[in-house]
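Now for the letters of each chain:
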Amino acid sequence: MKLKRDIVGLVVIAIIGLVVMFGAPHVLQLFTIINLTTAIGLALLALSLGLVWGYGGILCFGQTAFFGMGAYAYAICAQNFGQTSGAVIIAIGAGATFAAMLGYFMFFGRISEVYLGVITLTVTLILFNLLRRTSGPEYKIGSALLGGFNGTNAPPLQVPWDAQLMLFPQQLFYVSMGALLLCYFGCVWLIRSQFGQVCVAIRENEVRAELLGYDARLYKLGLFSIGGGIAAVGGVLVANGIGRVTPDLFNLTYAAQAIIWVIVGGRGTLLGPVLGAFGVFWLTSWLGTQSYFNSNMVLGLVLILFVLLLPRGLVPAIGSIAKVSQQRTVSRRDRMRSRRRVARFETSGATDAT
Amino acid sequence: MDFLAALILQFAYGIANLALVGLGLAIIFGMMRVINLAHGEFLMLGGYTVVVATNLGINIWIAMLILAPLVVGAIGVVVERVLIRFLYGRVVDTLLATWGLSLFLIGAVTAIFGPQTATTISAPIGPIAVGDYGTSGYELFLIVLTVALFSGVFAILRYTKLGLLARGTMQRSDMAAVLGVSTSQVYMATFGLGSAIAGLAGGVLAPITGVVPTIGATYIAKAFITVISGGTAILAGTASAAGLLGAMNSIVTYLTGPTLGEVALLGAAIVLLRVMPSGITGRFFRKSL
């Protein structure tokens, strides 16, 4: 029963995703499509954090480190190689490798959850500060100038078999949406696999999982690296959507937003963070068009309110409301019956005690 | 010889800077096991207090040493009452809520003062000469201030009734509560004290760094690294971590320039945590404050 509903849910998500993928370019304006490409990149960042935090229990405050790393690796390689397919692969590899390197020190040192959050946040902030200082002509990798605060140019994606054919914004949208769907269903598959189930077990109780013979450090490291790779895909897409990579990809605002997406959407789901990313992206662009509220102020308030009042996020909350109302209608009769039984038990228990 | 003296002074300043920026955070973390992600914004508020006060014609020394800690300490007490006290025992939620607070404060200050602040405060002490080399007199003042601040906090924690209650609550809050200590008030006072010291640090650093709403981000990386590497002993941890990492930072900065200094700081801290996961005071000086 539960499995069946699960599969129906996934099919619905897939259909909606495909409809958006092929329908949106015909309905929406070009400008919106380009913006959506950036939003999809951010949604991938949200997905990666949702995977790492929600299913691995790894409190990563600096997922933007791998996101920005992917974007920079893509831009630098694309400028050097003159073609982008290799650059994408290297970018994903860079994100995953960097996550693995950082993860080794954190998981094998067995540092606590709070330390882990703060260390990852510090890593992304230091990368931000480092790249901001690389404005001189001496800071270059191959032929690509790092460009300090202004960042460097990110060439648009090309067709893999022909380096002269660049993708148009519309085609880029197809690629982005395809990447999002692919990564989403990849993650769904991952958490249903043996590996994912062990990761969830470790999240629930690390000591018990280790006593059962699983090396929690290795599983966490694996999941963290995969998360780094997905974040890097997001970075590549955002670099394409904006056309530049700047140190801002590493900054506190993006790092905080990634957390907000997951908190608002819901920890322990994959759909929640993705929807959270789109929702907050829409909210911040709307806030940018008016001058009454500062967007940081609103985002800060949203984060505080969700932590205080709705710590599980929207998607799980809506899910549990739906489940409760469904159960209520189904089991009213059962409950009446069981209540009568309890009453009978209590009276008999009372006589036993005396 | 003069060169050596100037170099040592630079090293001492690097260490003092880390210790100063980290102390407020360390007090809150050591006492309450709460990492205050809005710490950088408390420093920023200290800086803004000094800017506003000097613009109103108040003496810069009064603004830095008295007003900044008072204002930010008061803000800290309000924050503790309104936000933090609901989240004791929920460590991760505290982190998230203080992060929300950090964004909120950045947004609020940007809305009030604008994204850039034109006003720069000049340091109230000019350069002084060390033999053939000139050095900043203000940096020397900061070193002295940091030492004084550490001594002051040590004296309060070690020799006063309040410090005794605070240390008792820190070790066993349930036992302290049973013995009639209002742990809630101790936490409030601790958070206030930590915030006040953050405000003081932000105030005295304002003439060197300038103030913009997002300045917190440049402080917090250093402050977090120092406090986490130090571990839970407030003073010994912060001082030893600041000493180690500050020296590292100064050496790398001296050899390669400021770009790689912070990276070396972070790299050293990560390797340190691999070897000592609960910080320096998790292994050495365990019994210290």
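In this text the structure is predicted, and so the values were computed from the model without any measurement.

Across its full length, chain A carries 14 helices and 6 strands. With respect to the principal axes defined by its C-alpha atoms, chain A has extents near 90 × 50 × 45 Å. By residue count, 46% of the 354 residues in chain A fall in the buried class.

Once that is clear, we can look at the overall build of chain B. When you go through chain B residue by residue, the secondary structure sums to 12 helices and 2 strands. The C-alpha radius of gyration of chain B comes to 19 Å, within 12% of the 19 Å expected for a compact globule of 289 residues. Here chain B, with 289 residues, has 51% of them falling under the buried criterion. Considering only contacts in chain B between residues 6 or more positions apart, those separated by 24 or more positions represent 75%.

Taken together, the contact between chain B and chain A spans 34 residues of the former and 35 residues of the latter. Residue assignment for the side of chain B that touches chain A shows that the elements contributing at least two residues are α4 (91-113), α9 (216-230) and α11 (258-275) of chain B. No other element matches the 17 residues that α4(B) contributes to the side of chain B that touches chain A. Tallied by class, residues from the side of chain B that touches chain A come to 25 nonpolar, 6 polar and 3 charged.

A few words now on the domain arrangement of chain A. Domain parsing of chain A yields domain 1 (2-255) and domain 2 (315-354). A C-alpha centroid distance of 46 Å is found between domain 1 of chain A and domain 2 of chain A.

Further remarks concern the environment of Val71(B). Residue and element names in this part refer to chain B. Structurally, Val71 is set in helix α3 (residues 60-82). In sequence terms Val71 and Leu200 are 129 residues apart; their C-alpha atoms lie 9.5 Å from each other. Once residues within four sequence positions are removed from consideration, Val71 is found in contact with Thr49 and Gly199.

This part takes up the packing of helix α2 (residues 30-55) of chain A against helix α10 (residues 252-265) of chain A. All names here are of chain A. Their axes nearest at 9 Å, the elements α2 and α10 cross at an angle of 65°. By the criterion of interaxial angle, the relationship of α2 to α10 is roughly perpendicular. For the crossing formed where α2 meets α10, the hand is right-handed. Contacts from Leu45, Ala46, Leu49, Gly50, Trp53 and Gly54 of α2 reach α10 at Ala258, Trp261 and Val262. The residue makeup of the contact of α2 with α10, split by class, is 7 nonpolar, 2 polar and no charged.

Attention now goes to the pairing of strand β5 (residues 162-166) of chain A. All names here are of chain A. Little of β5 sits out of view: just 0 of its 5 residues are buried. Inspection of the sheet shows strand β4 (residues 158-159) paired to β5 by 2 bridges, in the antiparallel sense. What sits directly across from Gln158, in β5, is Met166. Here β4 folds back onto β5, and the loop between the two strands holds 2 residues.

All names here are of chain A. Within the secondary structure, Cys187 sits in helix α6 (residues 169-192). Classification of Cys187 by C-beta neighbours within 10 Å gives buried; the count is 22. Residues Cys187 and Ser320, spaced 133 residues apart in sequence, show a C-alpha to C-alpha distance of 22 Å. Dropping the residues within four chain positions of it, Cys187 is found in contact with Leu47, Leu51 and Leu270.

Further remarks concern the confidence of the model for chain A. Note: predicted coordinates in regions of low pLDDT should not be interpreted at a detailed level. All names here are of chain A. Counting all residues, the mean pLDDT for chain A is 87, and 92% of those residues have values of 70 or more. For chain A, helix α14 (residues 332-353) is the element with the lowest average pLDDT, namely 57, and helix α9 (residues 216-242) is the one with the highest, namely 95. Residue range residues 349-354 is modelled with pLDDT below 50. Its contacts to residues more than four positions away, or to other chains, number 0 contacts.

Moving on, we come to the confidence of the model for chain B. Residues and elements named next belong to chain B. Overall, the prediction assigns chain B a mean pLDDT of 87, with 98% of residues at 70 or greater. Here strand β1 (residues 127-130) is the element of chain B with the lowest mean pLDDT, 74, and α3 is the one with the highest, 93. Taken over the whole predicted complex, pTM reads 0.87, whereas the ipTM for its chain interfaces reads 0.85.

Time to look at unusual backbone geometry. For Arg110(A), which is not glycine, the phi torsion reads 55° and is therefore positive. Relative to the helices and strands, Arg110(A) resides in the loop between α4 (85-108) and α5 (113-132). Look at Arg33(B): it is not a glycine, yet its phi comes out positive at around 55°. Counting through the fold element by element, Arg33(B) comes out in the loop between α1 (2-32) and α2 (39-55).

Membership of the largest hydrophobic core comes to 200 residues, with the highest contact counts inside it found for Ala46(A), Leu47(A), Tyr74(A), Ala91(A) and Ala232(A). No other element matches α1(B), which puts 16 residues into this core. Setting aside residues no more than four positions away along its own chain, Leu47(A) makes contact with Cys183(A), Tyr184(A), Cys187(A), Ile230(A), Leu270(A), Pro273(A) and Val274(A).

Once that is clear, we can look at α9(A). With 27 residues, α9(A) extends 38 Å between its outermost C-alpha atoms, agreeing within 8% with the 39 Å of an ideal straight helix rising 1.5 Å per residue. Most of α9(A) sits out of view: 23 of its 27 residues are buried.

Helix packing for two helices is described by the angle between their axes and how far apart those axes are. Residues and elements named next belong to chain A. Look at helix α3 (residues 64-81) against α9: their axes get within 7 Å of each other, and the N-to-C directions meet at 55°. In terms of orientation, α3 and α9 fall into the oblique class. When you trace α3 past α9, the crossing you get is right-handed. Of the residues in α9, those touching α3 at Phe66, Phe67, Gly68, Met69, Gly70, Ala71, Tyr74 and Ala75 are Gly228, Ala231, Ala232, Val233, Gly234, Gly235, Val236, Val238 and Ala239.

This next bit is on the environment of Asn294(A). Locating Asn294(A) in the fold gives a position in the loop between α11 (271-289) and α12 (295-309). Look past the residues within four positions of Asn294(A) in its chain and what remains in contact with it is Gly107(B), Thr110(B) and Ala111(B).

Turning next to helix α8 (residues 183-209) of chain B. Residue and element names in this part refer to chain B. Taking 1.5 Å as the rise per residue, α8 with 27 residues should run 39 Å; its terminal C-alpha atoms sit 37 Å apart, in good agreement. The sharpest bend along α8 comes to roughly 25°, located at Gly203, with the proline Pro207 sitting one to four residues further on. The positive-phi residue at the C-terminal boundary of α8 is Gly210, with phi of around 75°.

Conventions we followed
- Residues numbered from 1 in each chain as written.
- Chains lettered and ligands numbered in written order.
- Predicted model: local features only at pLDDT ≥ 70, side-chain atom pairs only at ≥ 80, totals over all residues.
- Helix = DSSP H or I, 4+ residues; strand = E, 2+ residues; numbered from the N terminus.
- Buried ≥ 20, exposed ≤ 12 C-beta atoms within 10 Å, placed from the backbone.
- Rg over C-alpha atoms; globule rule 2.2 N^0.38 Å.
- Contact = placed C-beta atoms within 7 Å.
- Nonpolar A, V, L, I, M, F, W, Y, C, P; charged D, E, K, R; others polar.
- Domains from an automatic or database assignment.
- Axes fitted to C-alpha atoms, helices over the stretch in contact; angles between N-to-C directions.
- Parallel < 35°, antiparallel > 145°, perpendicular 65-115°, else oblique.
- Left-handed = near helix turned anticlockwise from the far one by under 90°.
- Pairing = 2+ DSSP bridges.
- pLDDT = per-residue confidence, 0-100.
- Core = buried A, V, L, I, M, F, W, Y, C linked by C-beta atoms within 7 Å.
- Expected span 1.5 Å × (residues − 1).
- Bend = angle between axes of the 7 residues up to and from the residue.

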